[in-house]
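Working through the structure, step by step
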Amino acid sequence: MVRLRALDNNDLDLLCTLENDPTLWPCSATSAPYSRYALQEFIIRAATADIFALRQLRLVVEVDTTTLEAVGLVDIFDFDPAHRRAEVGIALLPEHRQKGYAHDALIALCRFAHDTLSLHQLYAYVPEDNVPSHHLFAGCDFTHTATLPDWFLYANAYKSALLWQKRL
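I will try to describe carefully the structure that is included in this document. (Residues numbered from 1 in each chain as written. Predicted model: local features only at pLDDT ≥ 70, side-chain atom pairs only at ≥ 80, totals over all residues. Heavy atoms only, no water.)

1. Observations concerning the pairing of strand 6 (residues 143-154)
Here is the rule: Only strands joined by at least two bridges in the DSSP assignment are considered to pair. Put simply, DSSP H or I for four residues or longer makes a helix, DSSP E for two residues or longer makes a strand, and each gets a number counted from the N terminus.
Note that strand 6 and strand 7 (residues 157-167) share eight bridges and pair antiparallel. Its bridge partner lying in strand 7, His 144 is registered against Trp 164. Counting the residues that bridge the hairpin from strand 6 to strand 7 gives two residues, and of these Ala 155 lies at a positive phi of roughly 55°.

And the structure:
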């Protein structure tokens, strides 16, 4: 069981680890590491603005134990209030993958997006070779609706993306 919560200052190390992991960059728009200072400023900005101002929301995934250990992050971004949709992303620390936490976090995020944000749809672009993410989205009732050729450029090579969508 997991829970989602807002970022706080104690999450700086988690944010630095995940944002600066080059193995995750092909799934994002990241192409260079972020400084601790830049990520600290992001935490401060996220604490003082809402999704309507930033057009994104980053939440910490905690394992529901006595210690409430932070194991990863989920994001809603490219938020479009006019069409009530947003892109979703998820990243867990390597030692916490393949334990069902991503599934539980994505289900919780979908519930939050529907119940609290009144979103109609979430979607994700996943590199074609990211098989664990394809299984994750399929297992959370997202539908593969398109394959986009040469969608991601990383290390001078293009990769196609699968578009996963879910009506909430």
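Still more to cover.
2. Re the side chain of Arg 58
Our working definition: Side-chain atoms alone can form a polar contact between residues adjacent in sequence; in general such a contact is a pair of N or O atoms within 3.5 Å, and within protein one must be able to donate a hydrogen while the other accepts it. Contacts are residue-level and defined by heavy atoms, with any inter-residue pair within 4.5 Å sufficient.
With respect to the helices and strands, Arg 58 occurs in strand 2 (residues 57-63). Separated by 2.6 Å, the side chains of Arg 58 and Glu 19 make a polar contact. Within the local environment of Arg 58, its side chain forms a polar contact with the side chain of Asp 75, the two groups lying 2.5 Å apart. Setting aside anything within four residues of it in sequence, one finds Arg 58 in contact with Leu 7, Leu 15, Glu 19, Phe 42, Leu 73, Val 74 and Asp 75.

3. A few points about the environment of Gln 98
If you trace the backbone, Gln 98 turns up in the loop between strand 4 (85-92) and helix 4 (101-115). C-alpha of Gln 98 to C-alpha of Pro 132: the two residues are 34 residues apart in sequence and 8.6 Å apart in space.

4. Quick notes on the packing of helix 1 (residues 12-19) against helix 2 (residues 36-48)
Describing two packed helices takes the angle between their axes plus the distance from one axis to the other. As a reminder, the rule being used: Axis lines are fitted to C-alpha atoms, over the contacting stretch for helices. Their N-to-C directions set the angle, which ranges from 0 to 180 degrees. Here roughly perpendicular refers to angles of 65 to 115 degrees, roughly parallel to angles under 35, roughly antiparallel to angles over 145, and oblique to all remaining angles. Note: crossing handedness is left-handed where the near helix turns anticlockwise from the far helix by less than a right angle, and right-handed where it turns clockwise.
Packing of helix 1 against helix 2 leaves a shortest axis separation of 10 Å and a crossing angle of 120°. Taken together, the axis directions place helix 1 and helix 2 in an arrangement best described as oblique. As helix 1 runs across helix 2, the sense of the crossing is right-handed. For the pair formed by helix 1 and helix 2, the contact residues are Leu 12, Asp 13, Leu 15, Cys 16 and Glu 19 on the first element and Arg 36, Leu 39, Gln 40, Phe 42 and Ile 43 on the second.

5. Digging into the pattern of salt bridges
Quick reminder of the rule: By convention in these notes, a salt bridge is any Lys or Arg side-chain nitrogen within 4 Å of a carboxyl oxygen on Asp or Glu. In this scheme, a residue with accessible area under 20% of its type's maximum is buried, one over 50% is exposed, and one in between is partly exposed, where area comes from a 1.4 Å probe on protein chains only.
This structure, assessed with the given rule, holds nine salt bridges. Between Arg 3 and Glu 62 there is a salt bridge whose closest N-O contact spans 2.6 Å. Of the two residues, Arg 3 sits in strand 1 (residues 2-6) while Glu 62 sits in strand 2, which places them 59 residues apart along the sequence. Between Asp 11 and Arg 5 there is a salt bridge; the shortest N-O distance is 2.8 Å. Accessibility classification places Asp 11 together with Arg 5 in one group, the buried group. What you see here is one network of salt bridges that share partners, running through Arg 3, Arg 5, Asp 8, Asp 11 and Glu 62.

6. Some thoughts on the state of the cysteines
By definition, a disulfide links the sulfur atoms of two cysteine residues through a covalent bond. Going by this rule: By definition, disulfides here are pairs of cysteine sulfur atoms that lie within 2.5 Å.
A full pass over the atoms with the stated rule returns zero disulfides. With no disulfide of its own, Cys 110 lies closest to Cys 140 among cysteine sulfurs, the gap being 6.5 Å.

7. Some thoughts on the packing of aromatic side chains
Where we set the bar: Two aromatic rings from Phe, Tyr or Trp, using only the six-membered ring of Trp, form a pair when their centres are within 6.5 Å; if the ring planes differ by under 30 degrees the pair is stacked, by over 60 it is edge-to-face, and anything between is tilted.
All told, the structure shown has four aromatic pairs when counted by the stated rule. Measuring from centroid to centroid gives 5.2 Å for Phe 52 and Phe 79, while their planes differ by 80°, and the two rings are edge-to-face. Linking Phe 52 in helix 3 (residues 51-54) with Phe 79 in strand 3 (residues 70-80), this pair joins segments that are 27 residues apart in sequence. Consider the rings of Phe 137 and Phe 142, whose centres lie 5.0 Å apart with planes at 75°: the pair is edge-to-face. For the pair shown, Phe 137 and Phe 142 are each scored as buried. Here a set of aromatic residues connected by ring pairs shows up, and it is made of Tyr 123, Tyr 125 and Trp 151.

8. Brief notes about the nonpolar core
The cut-off we apply is this: Definition of nonpolar core: a set of buried residues of the types Ala, Val, Leu, Ile, Met, Phe, Trp, Tyr and Cys, connected through side-chain atoms within 4.5 Å.
Formed by 30 residues in total, the largest nonpolar core has its most connected members in Leu 106, Phe 137 and Phe 142. Counting only elements with at least two residues in this core, the list comes to strand 2, strand 3, strand 4, helix 4, strand 5 (121-127), helix 5 (131-139) and strand 7. No other element matches the seven residues that helix 4 contributes to this core. When near neighbours in sequence (up to four residues on either side) are disregarded, Phe 142 contacts Val 88, Leu 106, Cys 110, Leu 122, Tyr 123, Phe 137, Trp 164, Gln 165 and Lys 166. With 14 residues, the next largest nonpolar core counts Leu 15, Leu 18, Leu 39 and Leu 73 among its residues.

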